[in-house]
Amino acid sequence: MEEKLIVSASPHIRAKTTTTNIMLDVIIALMPAVVASIIIFGFRALMIIADTVLVAVLAEFLSRKVMKRENTVTDLSAVVTGLLLALNLPVGINPIFAAFGSVVAIVVVKQMFGGIGNNFVNPALAARIILLSSFPTAMTTWAKPFWFREGAVDAVTTATPLAMYANGETTSLSDLFLGTTGGCLGETCALALIIGGAYLMIRRVISPVIPLTYIGTVAIMSLIFGQDILFQLLSGGLLLGAIFMATDYTTSPINTKGKVVFAIGCGVLTFLIRNFANLPEGVSFSILIMNILVPLIERATNPRPFGEKESKNA
Amino acid sequence: MAEKKPLIKELTKGIIKENPVLCLVLGTCPTLAVTTGVSSALGMGVAATVVLVCSNAVISALRKVIPSKVRIPAYITIIAAFVTIVQMIVKAYAPALNDALGVYLPLIVVNCIILGRAEMFASKNKVLPSALDGLGMGIGFTAALFLMGSIREILGAGSWMGISIPVISSNPILIFILPPGGFFVFGMLMAAANKLNSKPVKKAEEVGCAACPMHDSCGKIAEGKECAE
């Protein structure tokens, strides 16, 4: 398949970039967040991560087998989906629910639409939303950081900083930066996410356009509406979403202009949902909505080939 | 005997081969709206079937009387009469079902399946085949609703006909009784029906050039050559 795409005359420069390499870089970039989640939420965090990753890989392998298609399990994309899903779940979640999420992400969202490169929304995010609407209580029961020192995972609970903020309580910025707050496994520790994001940008796996525009939009909206900017940026899933979810190749626009439009849309929606809707957090929904709009954004921002005249009918 | 076979076919075609919901994709709105539970799905199916059989029979009997220019209003009037009867009966004898179906019961009037069968079949066929066609389509509609209702109620509410199922009822997958779950189950069932109905594609050599859909416009025939594929 790849050979057929080369249409120019030789010589060709061969790049070492492969899907597997990119996915491996994303996995490496997620490692700080994984380590942070295990430190903050204990061994159970590792169990949830292993659960979703294993089920995702198995689901990918089996669905490709059943559909009699070339097996893509070695490109590690299923591992990334599993990891991202786990980082979007609360630590106390029932492992069966988490496994169900993995199956939904891989089979329903990814493979039914044709596998890697053909999914219309981010599989991990879609699975998270489906879990959220299926098991609302389990998905919004947040264990306290270091709950394992105090008791059972569902006995020591807390609210997320954004939910507390809605009730007028504040969280210290150092807690937000280091991640010692309630929340999903991977979203609490801003430090680990920034390290991962920097790694991805240095390795040129992702372009900084989407994360910076997304975060910048939320910052500007916070400024306009007189909110605490740093609090808005560090709390909730904004960093995780902006760095790892919104930058997914398949579900974000190709050219820079499109990326800017996409990221501004994500930022505005996130801020609106956080402050004017019923939900305390809106990163997943905003990215999902913008994912669906990507084909339209692509059409609107498609660069005009040099020398082409604008047609009057268009 | 030679007369009887097509009549049976009018009855059976609606169940799988031309299932109104899964293959003709008609009546989608009530399908998605009332299948959150098995009992309301069954109630909807039976009510629509009764209306379908009666309206098909009456429209077929009147097919030579109704002027073709005003046939749609005429059909709607006939259908509305039967829907009103059904609604009154349901209100009198099954008030709980009436509450569960809500606005979707009177909306049977504009159900595409009923109007579609009147237009496609009853207006062109005799009374008995039309009634059987209505019955078959109604059974197909009811079966599809029953299947969807079962899947959605079992997974989404952990019960079946209101009887709770031990393991699932403690942790139902709520999304199945929400609209996205409805669309998902609907899509899956349509895929299954397509799979059931699909026949192996015949190869060009077996069919020959005459049966090819491109036969009239194919350039190779104009040039006097046989087509390569």
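Bear in mind that the values here come from a model prediction, so they are computed numbers and not experimental data.

S.K.: Quick question: what am I supposed to make of the overall build of chain A here?
M.R.: Of regular secondary structure, chain A possesses 15 helices and two strands. The C-alpha radius of gyration of chain A comes to 20 Å, within 12% of the 20 Å expected for a compact globule of 314 residues. Taking the principal axes of its C-alpha atoms as reference, chain A extends roughly 65 × 50 × 35 Å. The buried share of chain A, taken over its 314 residues, is 50%. Long-range pairs, those at least 24 residues apart, make up 73% of the contacts in chain A with a sequence separation of at least 6.

S.K.: When you look at the overall build of chain B in this model, what are you seeing that I'm missing?
M.R.: Helix and strand content of chain B: 11 helices and two strands. Listing every helix and strand of chain B by position from the N terminus yields α-α-α-α-α-α-α-β-β-α-α-α-α. A separation of at least 24 residues holds for 72% of the contacts in chain B among residues at least 6 apart in sequence. Accessible area for chain B stands at about 12,700 Å²; split by element, carbon and sulfur atoms hold 69% of it.

S.K.: What's the story with the interface of chain B and chain A in this structure? I'm lost.
M.R.: Interface size is often expressed as the accessible area that is lost when the parts come together. Taken together, the eight residues of chain B in the interface contact 10 residues of chain A. Joining chain B to chain A, the criterion identifies zero salt bridges. Seen at the junction of chain B and chain A, the total is two residue pairs in polar contact (both at pLDDT 80 or more). Taken together, the residues of the side of chain B that touches chain A sort by class into seven nonpolar, one polar and no charged.

S.K.: Can you help me understand the nonpolar core in this one?
M.R.: Within soluble globular proteins, side chains that are nonpolar generally end up buried alongside one another. Tyr214(A) and Phe244(A) are the most contacted members of the largest nonpolar core, which has 121 residues in total. Setting aside residues up to four positions removed in sequence, Phe244(A) forms contacts with Val26(A), Ala29(A), Leu30(A), Leu84(A), Leu193(A), Gly196(A), Gly197(A), Leu200(A) and Leu239(A).

S.K.: When you look at the layout of surface pockets in this model, what are you seeing that I'm missing?
M.R.: One water molecule sets the probe size; rolling that probe over the atoms shows where empty space is left. By volume, the second largest pocket is sized at about 620 Å³. Lining the second largest pocket are 20 residues; nearest its centre among them are Val108(A), Val109(A), Ile130(A), Pro180(B) and Phe184(B). Contributions of two or more residues to the lining of the second largest pocket are made by helix H5 (95–110), helix H6 (123–134) and helix H15 (283–301) of chain A together with helix H9 (179–197) of chain B. The residue inventory of the lining of the second largest pocket, partitioned by class, reads 19 nonpolar, one polar and no charged.

S.K.: Would you take a moment to explain the environment of Ala29(A) for this structure?
M.R.: Residues and elements named next belong to chain A. With respect to the helices and strands, Ala29 occurs in helix H2 (residues 19–41). Owing to a relative accessible area of 1%, Ala29 belongs among the buried residues under this scheme. A C-alpha to C-alpha distance of 8.4 Å links Ala29 and Ala198, two positions 169 residues apart in sequence. The residues contacting Ala29, other than those within four sequence positions of it, are Gly196, Tyr199, Leu200 and Phe244.

S.K.: I tried to follow the state of the cysteines on my own but got confused; where do I start?
M.R.: Two cysteines whose sulfur atoms are joined by a covalent bond form what is called a disulfide. Residues and elements named next belong to chain A. Per the counting criterion, the structure on display carries zero disulfides over all chains. Left unpaired, Cys184 is separated from the closest cysteine sulfur, that of Cys189, by 14 Å. Look at Cys184 and you get buried, because its relative accessible area is 1%.

S.K.: I keep staring at the pattern of salt bridges and nothing clicks. Help me out?
M.R.: Oppositely charged side chains can form a pair if their charged atoms are brought close together. One pass over the full model with this rule turns up four salt bridges over all chains. Taking the shortest distance from any N to any O, the salt bridge between Arg203(A) and Asp25(A) comes out at 3.1 Å. Here Asp25(A) lies in helix H2 and Arg203(A) lies in the loop between helix H10 (190–202) and helix H11 (209–224), a separation of 178 residues in the sequence. Asp25(A) sits in the buried class, given a relative accessible area of 7%. The residue Arg117(B) makes a salt bridge to Asp133(B) at a minimum N-O spacing of 3.0 Å. A residue pair is termed long-range when its members are at least 10 positions apart, and Arg117(B) in helix H6 (residues 112–122) and Asp133(B) in helix H7 (residues 127–157) qualify at 16 residues. We classify Arg117(B) as buried; its relative accessible area is 4%. Of the residues examined, Asp133(B) reaches a relative accessible area of 0% and is grouped as buried.

S.K.: I would appreciate a short explanation of the packing of aromatic side chains in the present structure.
M.R.: Here a ring pair, both rings aromatic, is described through the centre-centre distance and the interplanar angle of the planes. Residues and elements named next belong to chain A. Under the counting rule described, the total for this entry stands at seven aromatic pairs over all chains. Taking 6.2 Å as the distance between ring centres and 80° as the angle between the ring planes, the aromatic pair formed by Phe100 and Phe135 counts as edge-to-face. Of this pair, Phe100 sits in helix H5 while Phe135 sits in the loop between H6 and helix H7 (136–139); the two residues are 35 residues apart in sequence, bridging distant segments of the chain. Under the relative-accessibility criterion, Phe100 is labelled partly exposed at 22%.

Calculation criteria
- Residues numbered from 1 in each chain as written.
- Chains lettered and ligands numbered in written order.
- Predicted model: local features only at pLDDT ≥ 70, side-chain atom pairs only at ≥ 80, totals over all residues.
- Heavy atoms only, no water.
- Helix = DSSP H or I, 4+ residues; strand = E, 2+ residues; numbered from the N terminus.
- Rg over C-alpha atoms; globule rule 2.2 N^0.38 Å.
- Buried < 20%, exposed > 50% of the residue type's maximum accessible area, 1.4 Å probe, protein only.
- Contact = heavy atoms within 4.5 Å.
- Areas by Shrake-Rupley, 256 points an atom, 1.4 Å probe, with all protein chains shown as cover.
- Salt bridge = Lys/Arg side-chain N within 4 Å of Asp/Glu carboxyl O.
- Polar contact = N/O pair within 3.5 Å; in protein donor to acceptor, adjacent residues only side chain to side chain.
- Nonpolar A, V, L, I, M, F, W, Y, C, P; charged D, E, K, R; others polar.
- Core = buried A, V, L, I, M, F, W, Y, C linked by side-chain atoms within 4.5 Å.
- 1 Å grid on protein atoms, 1.4 Å probe; cavity = no way out; pocket = protein on both sides within 12 Å on 5 of 7 lines; lining within 4 Å.
- Points joined across faces, edges and corners; volume = space filled by probe spheres on them.
- Disulfide = S-S within 2.5 Å.
- Phe/Tyr/Trp six-rings, centres within 6.5 Å; stacked < 30°, edge-to-face > 60°.

Read these as geometric descriptors, not functional statements.
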